[in-house]
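# Analysis of the macromolecular model
Residues per chain, in single letters:
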Amino acid sequence: MSGRDLRHPTHCLWCGTPLVQASTGRPPLYHAKACKQASYRCRLREREAAALEHLLRRYEAALPLLPSLAMEERFDLLAAVVWPQDPRLLEAA
């Protein structure tokens, strides 16, 4: 069995410390709560970065449209880029 097997790892998924398997219960993935929390924070940062990349792509796609729009329409377009599912914007449409 490998330490890289996510179902039953032999080493902590965060720091690589060997895991101590209890006689009963679910096998641990992390050797300490600090490693589990650090792993969670890393996954959270990755999700946030992906969301920001998506927002940047939407913003870059909207930029060429701005010069041809009136000021109020520019605000509407940029609001739709930033808050695409905002119910206030959906009601106004």
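These lines cover the structure that appears in this document, whether it is placed above or below.

On the surface, Leu56, Tyr59 and Leu63 cluster together to form a nonpolar patch covering roughly 260 Å² of accessible area. Position of leucine 56 relative to the elements: it lies in helix H1 (residues 33-62).

Take the environment of proline 18 next. Mapped onto the elements of the fold, proline 18 is located in the segment before H1. Note on proline 18: relative accessible area 53%, which makes it exposed. Spatially, the C-alpha atoms of proline 18 and histidine 31 are 7.5 Å apart, while their sequence positions differ by 13 residues. Not counting residues within four places of it along the chain, the set of residues in contact with proline 18 comprises Thr10 and His11.

Counted by the stated rule, this structure contains zero disulfides. The structure places no disulfide on cysteine 15, whose sulfur is separated from the nearest cysteine sulfur, that of cysteine 35, by 3.7 Å.

Scoring rules and cut-offs
Residues numbered from 1 in each chain as written. Predicted model: local features only at pLDDT ≥ 70, side-chain atom pairs only at ≥ 80, totals over all residues. Heavy atoms only, no water. Patch = residues over 30% accessible without salt bridge, like charges linked within 9 Å, V, L, I, M, F, W, Y side chains within 5 Å. Areas by Shrake-Rupley, 256 points an atom, 1.4 Å probe, with all protein chains shown as cover. Salt bridge = Lys/Arg side-chain N within 4 Å of Asp/Glu carboxyl O. Helix = DSSP H or I, 4+ residues; strand = E, 2+ residues; numbered from the N terminus. Buried < 20%, exposed > 50% of the residue type's maximum accessible area, 1.4 Å probe, protein only. Contact = heavy atoms within 4.5 Å. Disulfide = S-S within 2.5 Å.

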